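# Structural features, examined
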Amino acid sequence: MLSILKNELMEFADFSKLKVNINKIYFELNSKNYAEVIEICDSCVELCERIKEKAVNITMDEEMANSMFVVTSYCQMLKYYSIFWQTLISGRFKDSWIVLQDTIDKLVDVTKFTDISSGFGINDFNNHLTELEKLYPYNLFASSEMVIRTKRCSICNRSVLDIDCIHIPGNLYWGQKAVTKNEDIEFQAVALVSHPMDKRCIMEISGDTRTEKEKFALLDYFVKQINNPLQLFSLKNEDRYYYNEDYDVLGRNDKCSCGSKKKFKKCCGKNKYEKGTHNKIILIGGIKLEPLRKIKEFSF
Amino acid sequence: MIAIHILCQFDIMELLGYITNWGIIIMLEIQEASKPLKLYFDMEEFNDDTKERVKKADIILLPNFDIKDGVDRAFQPDTVTFYKYSIANKDNYLEIELFENKGQEKFLALHSFDIWIPLMYIGSSILLPGAINLVSSYVYERMKGRPNDEPTVHFNLLIEDKEKGKSKHLTYKGPIEGFEENFKKLDINRLWEDE
């Protein structure tokens, strides 16, 4: 549905302006002008709303209305991505995790209704945001278990099981996504999981006095080295052996400090190197955001 | 236990092929079941309207019992979307119903991003390919927009052969890519052979 941006739609006066603005977003994002990106994205969302309103009320074009939902999500994704970089640069790494999740949510709404090979950087963004998540020290999340007694449709407000409610949660209807509104909820438990519905509820160690830079050392390194929002990379973990200076206090023939009663050279001193994880950031090109062109530019 | 059940259906070379990137064996477990639907029909919790309504269905979605303290029964998290998706895709010709009194449906919301297909009952093995296709296409639809996610599919199927008077409980818990492949390898005719 994002492919509609490759067309020219004369009956929608705002459509050409929308395309021009999206090109501006690409340019400003490439130039790291995040504040400008955010501003243009907001104006794109307004344009999409106007086009959608016309599609719903005047031209009665559901496909157009649904396409505008996807274009809106795309612009919001680029907006959140810019906020994400602003947050990173200002060193607010913990906050940046939440904004990254907002960006991912919008990208899901785009990808669900778009062929990922159709361009617009969709495939690249999907891979890129997945790699960005790996830079954070979050592997466990708190997630709630509930029993829900009433589920209503966000579009028709009927019970989702009402035979007259034809809306499937997650699908688009006249430019709106059907979602389920849960009511009469009974909370059961909170569990620690690695693959939650929502990754925003993170776990922190109480009394941890480290600074943000220390807690997010890998992310800090990444921002300093790769201050480019369109730079794709891949994070690889590999085992590496690190020299442990603590062993230097013992002589080779001293009793080993581990309590084995063996000589140090025949126990822990055999290998003064300890296994650790080494993170490797491999650069793999850039996100391709091809400017949208007018159809007439292709004519001979 | 898992290996034994899989070995009943496949040979050892096939089993080795089921070790995934995550290092876990894809689970398709088959167990004996005892007239599973009759248990539900015998329960006083369900009213006559409910029992009459589900009799006409090809696929019946069942609530799970005794899953949480204070909650007698509830459907799995994906039940609503799966049910509505099934109704919208009428080209599968399968009538589908929820085994629950109208207005008393309760649904679980679990913590993980896994795919929790509702407990399903089919009254004939002829319906098995259609039911598996339906679940496969639902899972495919559910994963649209999330090309890099790797959730686990949880699926329990009760299948009954009324002529033979036998029932089986099939359980799948594993990655998406192994779901259809596992069920395709299932020999329906051998399913009812005496162990």
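For the structure itself, look to the data block above.
So, a few notes on the structure that sits alongside this text. The shown structure was predicted, so the numbers you read here are calculated from the model rather than taken from an experiment. (Residues numbered from 1 in each chain as written. Chains lettered and ligands numbered in written order. Predicted model: local features only at pLDDT ≥ 70, side-chain atom pairs only at ≥ 80, totals over all residues. Heavy atoms only, no water.)

### Considerations on the overall build of chain A
Worth spelling out the cut-off: The helix count covers DSSP runs of H or I at least four residues long, the strand count covers runs of E at least two residues long, and both are numbered beginning at the N terminus. Radius of gyration means the value over C-alpha atoms here, while the globule rule gives 2.2 Å times the residue count to the 0.38 power. Partly exposed describes any residue whose relative accessible area lies between the buried limit of under 20% and the exposed limit of over 50%, with all areas from a 1.4 Å probe on protein chains only and scaled to the type maximum. Contact between two residues is taken to exist if any of their heavy atoms lie within 4.5 Å; hydrogens are not considered. Each accessible area is a Shrake-Rupley result for a 1.4 Å probe, and residues are judged covered by the shown protein chains and nothing else.
If you tally the helices and strands in chain A, you get seven helices and six strands. Along its sequence from the N terminus, chain A presents helices and strands in the succession α-α-α-α-α-β-β-β-β-α-α-β-β. In summary, chain A has a C-alpha radius of gyration of 26 Å against a globular reference of 19 Å for 300 residues, an excess of more than 25%. Here chain A holds 300 residues, and the buried ones make up 43% of them. Sequence separation of 24 or more characterises 75% of the internal contacts of chain A that already satisfy a separation of 6 or more. Total accessible area on chain A stands at roughly 16,300 Å², and carbon and sulfur atoms take up 50% of it.

### Notes on a nonpolar patch on the surface
Keep this limit in mind: Two distance rules govern patches: like charges are joined within 9 Å, and nonpolar side chains (Val, Leu, Ile, Met, Phe, Trp, Tyr) within 5 Å, applied only to residues with over 30% relative accessible area and no salt bridge. We count a salt bridge whenever a side-chain nitrogen from Lys or Arg sits within 4 Å of a carboxyl oxygen from Asp or Glu.
A contiguous nonpolar surface patch, about 270 Å² in accessible area, is contributed by A:L140, A:L192 and A:M203. The topology assignment puts A:L140 in the loop between helix 5 (122–134) and strand 1 (141–153).

### Brief notes about the packing of helix 1 (residues 13–30) of chain A against helix 3 (residues 62–89) of chain A
Residue and element names in this part refer to chain A. Let me state the cut-off plainly: Throughout, an axis means a line fitted to C-alpha atoms (over the contacting stretch in the case of helices), and angles, computed between N-to-C directions, take values from 0 to 180 degrees. Here is the rule for angles: anything less than 35 degrees is roughly parallel, anything more than 145 is roughly antiparallel, 65 through 115 is roughly perpendicular, and the remaining ranges are oblique. Here is the rule for handedness: rotate from the far helix to the near one, and if that takes an anticlockwise turn smaller than a right angle the crossing is left-handed, while a clockwise turn gives right-handed. Each residue receives one of three labels: charged for Asp, Glu, Lys and Arg, nonpolar for Ala, Val, Leu, Ile, Met, Phe, Trp, Tyr, Cys and Pro, and polar for the others, Gly being one of them.
Put simply, helix 1 and helix 3 touch, their axes get as near as 11 Å, and they point 20° apart. Accordingly, the angle class assigned to the pair helix 1 and helix 3 is roughly parallel. By crossing handedness, the relation of helix 1 to helix 3 is classed as left-handed. Residue-level contacts link F15, L18, I22, I25, Y26 and L29 of helix 1 to M64, M68, V71, Y74, C75, L78, Y81 and S82 of helix 3. The residue makeup of the contact of helix 1 with helix 3, split by class, is 13 nonpolar, one polar and no charged.

### Here we look at the side chain of A:H167
Looking at where A:H167 falls in the secondary structure, it is placed in the loop between strand 1 and strand 2 (172–173). Excluding residues within four positions of it along the chain, A:H167 makes contact with A:C153, A:I155, A:C156, A:Y173, A:A178 and B:K84.

### A short note on helix 6 (residues 128–142) of chain B
Operational definition: For a helix, the expected span equals 1.5 Å multiplied by the residue count minus one.
For helix 6 of chain B, which comprises 15 residues, the first-to-last C-alpha distance of 21 Å matches the rise-based estimate of 21 Å (1.5 Å per residue) to within 8%. Here helix 6 of chain B has its buried residues at B:L128, B:A131, B:I132, B:L134, B:V135, B:S136, B:Y138 and B:V139.

### Things to note about the sheet that holds strand 1 of chain A
Our working rule: For two strands to count as paired, DSSP must find a minimum of two bridges between them.
Taken in spatial order, the three strands of this open sheet run 4(A)-1(A)-6(B), and their pairing is antiparallel. The two strands at the open ends of the sheet, each matched to only one other strand, are strand 4 (180–193) of chain A together with strand 6 (107–109) of chain B. Taken over all neighbouring pairs, the strand axes of this sheet differ in orientation by 25° on average, direction set aside. Two strands pair when backbone bridges link them, and strand 1 of chain A and strand 6 of chain B are joined in this way by three bridges, in the antiparallel orientation. When the sheet's bridge partners are listed, A:I148 is paired in strand 6 of chain B with B:F107.

### Observations concerning the pattern of salt bridges
All names here are of chain A. Applying the stated criterion across every chain, the model contains 28 salt bridges over all chains. Measuring nitrogen to oxygen at the nearest pair gives 3.5 Å for the salt bridge that ties K52 to E49. Highlighted residues: K52 and E49, both in helix 2 (residues 34–57), separated by three residues, approximately one helical turn. The exposure class of K52 is buried, given its relative accessible area of 15%.

### Quick notes on the nonpolar core
For soluble globular proteins, the rule of thumb is that nonpolar side chains tend to be buried together. This is how it is decided: Here, the term nonpolar core denotes a set of buried Ala, Val, Leu, Ile, Met, Phe, Trp, Tyr and Cys residues that are joined through side-chain atoms within 4.5 Å.
A:F15, A:L18, A:I22, A:V71 and A:Y74 are the most contacted members of the largest nonpolar core, which has 68 residues in total. If you list the elements that add at least two residues to this core, you get helix 1, helix 2, helix 3, helix 4 (93–112), helix 5, helix 7 (217–225) and strand 5 (231–243) of chain A. A total of 14 residues in this core trace back to one element, the largest contributor, which is helix 3 of chain A. Every residue in contact with A:Y74, bar those within four places of it in the chain, is listed here: A:L2, A:Y26, A:V110, A:F120, A:I122 and A:L289. Core analysis: the next-biggest nonpolar cluster, separate from the first, contains 42 residues, A:L161, B:L98, B:F113 and B:M120 among them.

### A few points about the packing of aromatic side chains
Keep this limit in mind: The pairing test for Phe, Tyr and Trp rings, Trp by its six-membered ring, is centres within 6.5 Å, and the orientation test on the planes gives stacked under 30 degrees, edge-to-face over 60, and tilted for anything in between. A ring has a charge above it when a Lys NZ or an Arg CZ is no more than 6 Å from the ring centre and no more than 35 degrees off the ring normal.
For the coordinates displayed, the defined rule picks out 28 aromatic pairs over all chains. Both rings, one in A:Y136 and one in A:F216, keep their centres 6.1 Å apart while their planes meet at 80°; by these two values the pair is edge-to-face. Here A:F216 lies in the loop between helix 6 (212–215) and helix 7 and A:Y136 lies in the loop between helix 5 and strand 1, a separation of 80 residues in the sequence. Aromatic pair B:Y40 and B:F99: ring centres 5.6 Å apart, planes at 55°, arrangement tilted. Residue B:Y40 is located in helix 3 (residues 36–41), and its partner B:F99 is located in the loop between strand 5 (96–98) and strand 6; the two are separated by 59 residues in the primary sequence. A single burial state applies to B:Y40 and to B:F99, both of which are buried. In this structure an aromatic cluster arises from ring pairing among A:Y81, A:F84, A:W85, A:F125, A:F222 and A:F233. Here the basic side chain of A:K54 rests over the ring of A:F12, its NZ or CZ set 5.3 Å away from the ring centre. Seen from the ring of B:F113, B:R142 lies directly overhead, with NZ or CZ sitting 5.2 Å from the centre.

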